[in-house]
Amino acid sequence: MNHQPFNSWLYEDTPLPAAQAEELRQHLQTCPDCRRQQEAWLNVRHMLRTTEAARPQPGFSNRWQAGLEARRLRQQRRQVRITILALAGAVLLVLLGLLIYFALTSSFADLFASMIGTSTQVAVGLVQIGEFFQSLLRFLPPEVTAAAWFIIASWICSLCLAWVLSVWRISRKGVSSHEELH
Ligand SMILES: [Zn+2]
């Protein structure tokens, strides 16, 4: 069977004239070889067209850049987190090492005693400061003492009031700016 010119017509990109198209149709009906080739060619052409359609859309490189930036930021954050974790781990290790060192060089009883001693010293210091103020108050005349107490009390009260007011204002501000967003 002579497959030409029908075989080359299969690969024509432009539509064939009506007469040639009819000849080709008739040949394809009688020739399985050319029919197979036509099917294969149609498949390939379809694949080529869908690949063309899947080509990157405009702005793709911008999105790619933005994604890259976000990825880099994420990586940086992860590095910071790892660094913090490593530092915390190092501090914990040092503390553990110190604890082990103390445990090995001195008995736990000694460690406990020294801890108690330190806190006792701090407590004694605080008591001494309190006693100093008490003796100061005792040394002063009672009217001055009362006046001093009054001044201290009002000072503490106004401090508390200022604190409460500022907290209230900050919370109010937070709420109002939150409301402005809506
Ligand atoms: Zn043929």
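Conventions used here
- Residues numbered from 1 in each chain as written.
- Predicted model: local features only at pLDDT ≥ 70, side-chain atom pairs only at ≥ 80, totals over all residues.
- Helix = DSSP H or I, 4+ residues; strand = E, 2+ residues; numbered from the N terminus.
- Buried ≥ 20, exposed ≤ 12 C-beta atoms within 10 Å, placed from the backbone.
- Expected span 1.5 Å × (residues − 1).
- pLDDT = per-residue confidence, 0-100.

1. Focus on the overall build of the protein
In step 1: Secondary structure assignment for the protein yields six helices and zero strands.
In step 2: Across the protein, helices and strands are ordered from the amino to the carboxyl terminus as α-α-α-α-α-α.
In step 3: Counting only residues that meet the buried cut, the protein has 2% of its 182 residues in that class.

2. Structural notes on helix α3 (residues 32-53)
In step 1: Here α3 contains 22 residues, and its C-alpha end-to-end distance of 32 Å stays within 8% of the 32 Å for a straight helix at 1.5 Å per residue.
In step 2: When you tally the buried positions in α3, you get zero out of 22 residues, a small fraction of the element.

3. Remarks on unusual backbone geometry
In step 1: Backbone torsion omega between Q4 and P5 reads 0°, so that peptide bond is classified as cis.
In step 2: For P5, the position within the fold is in the segment before α1 (6-9).

4. Focus: the confidence of the model for the protein
In step 1: On average, residues of the protein score 80 in pLDDT, and 86% of them are at 70 or above.
In step 2: Considering each helix and strand of the protein separately, the mean pLDDT is smallest for helix α5 (residues 108-139), with a value of 76, and largest for helix α2 (residues 18-30), with 92.

5. Details of α2
In step 1: For α2, spanning 13 residues, the distance from its first C-alpha to its last is 19 Å, which sits close to the expected 18 Å at 1.5 Å a residue.
In step 2: Across the 13 residues of α2, one count as buried, placing the element largely on the outside.

6. A word on the environment of P5
In step 1: The exposure class of P5 is partly exposed, given the 13 C-beta atoms found within 10 Å.
In step 2: The spacing of P5 and L24 is 19 residues in sequence and 8.8 Å in space, taken between C-alpha atoms.

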